[in-house]
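Spelled out from the first residue to the last, the chains are:
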Amino acid sequence: MEISKRISGYLETSEPVHQYTLCRDGLAVEILEYGGIITRISVPDREGTVGNIVLGYEMLPAYIADRHYIGRLIGRVANRVSGGQFSIQGKTYQLPLNLPPHHLHGGPGGVSDSLWQGAIADDGRS
């Protein structure tokens, strides 16, 4: 497997966001450190023509501005929390309402807005 890394852009904090490309046997996947976003999956069709099968944007700023979670990891929760509230053992917790009147996909500060730190490891396998 071939793995490459390049800077895709910068956050407002001037932190670089890297994009990793993983290639093997004519397949390629591109992943951003920001939000763990899968920006591209390139695969050949039945005639051998390679194409991208992922919906996405061309540039990092569009992913940062996107509120539809296109290609992103999601969490602390997946889906909507109705009213942004849940209870555990009789205690009610209120979550931010980032899709009023609901809490969606972990809300602000969730994994989809995190800057992950990727690394290329060489474990001797290919």
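Definitions and cut-offs
- Residues numbered from 1 in each chain as written.
- Predicted model: local features only at pLDDT ≥ 70, side-chain atom pairs only at ≥ 80, totals over all residues.
- Heavy atoms only, no water.
- Helix = DSSP H or I, 4+ residues; strand = E, 2+ residues; numbered from the N terminus.
- Contact = heavy atoms within 4.5 Å.
- Pairing = 2+ DSSP bridges.
- Axes fitted to C-alpha atoms, helices over the stretch in contact; angles between N-to-C directions.
- Core = buried A, V, L, I, M, F, W, Y, C linked by side-chain atoms within 4.5 Å.
- Buried < 20%, exposed > 50% of the residue type's maximum accessible area, 1.4 Å probe, protein only.
- Salt bridge = Lys/Arg side-chain N within 4 Å of Asp/Glu carboxyl O.

Draft legend 1. Representation of the side chain of Ser 42 within the structure. As for its placement among the helices and strands, Ser 42 is situated in strand β4 (residues 38-44). Excluding its chain neighbours within four sequence positions, the residues that come into contact with Ser 42 are Gly 26, Leu 27, Ala 28, Val 50, Gly 51 and Asn 52.

Draft legend 2. Seen up close, the sheet that holds strand β1 (residues 2-10). The strand order across the open sheet built from 5 strands is β1-β2-β3-β4-β5, with neighbouring strands paired in antiparallel fashion. The open sheet terminates on both sides in strands that have one partner only, identified here as β1 and β5 (50-52). Between one strand axis and the next, the sheet turns through 15 degrees on average, direction left out of account. Relative to β5, β4 is paired through 3 bridges, and the arrangement is antiparallel. In the sheet register, Pro 44 faces β5, and the bridge partner there is Val 50.

Draft legend 3. Main features of the nonpolar core. If you look at the biggest cluster of nonpolar residues, it comprises 7 residues: Leu 11, Val 17, Leu 32, Tyr 34, Ile 37, Leu 60 and Tyr 63. Those residues in contact with Tyr 34 that lie beyond four places of it in its chain are Leu 11, Val 17, Leu 60, Tyr 63, Ile 64, Arg 72, Ser 112, Asp 113, Ser 114 and Leu 115.

Draft legend 4. Structural context of unusual backbone geometry. Omega for the bond connecting Gly 75 with Arg 76 falls within 30 degrees of zero, at 15 degrees, which places this linkage in the cis form. Its place among the elements puts Arg 76 in the loop between α1 (60-65) and β6 (80-81). Here the bond from Pro 100 into Pro 101 is cis, since omega is 5 degrees, no more than 30 degrees from zero. Mapped onto the elements of the fold, Pro 101 is located in the loop between β8 (91-94) and β9 (103-104). One non-glycine residue, Asp 25, adopts positive backbone phi at about 50 degrees.

Draft legend 5. A look at the pattern of salt bridges. The tally for this structure, following the rule as stated, stands at 4 salt bridges. Among the salt bridges present, the one from Glu 30 reaches Arg 40, with a minimum N-O distance of 3.9 Å. A residue pair is termed long-range when its members are at least 10 positions apart, and Glu 30 in strand β3 (residues 27-32) and Arg 40 in strand β4 qualify at 10 residues. For the salt bridge of Asp 113 with Arg 72, the shortest nitrogen-to-oxygen distance reads 2.9 Å. Within this pair, whereas Asp 113 is found in the segment after β9, its partner Arg 72 is found in the loop between α1 and β6, the two being separated by 41 residues in sequence. On the basis of relative accessible area, Arg 72 is assigned to the buried category, the value being 8%. Sharing partners across several salt bridges, the network here consists of Arg 67, Arg 72 and Asp 113.

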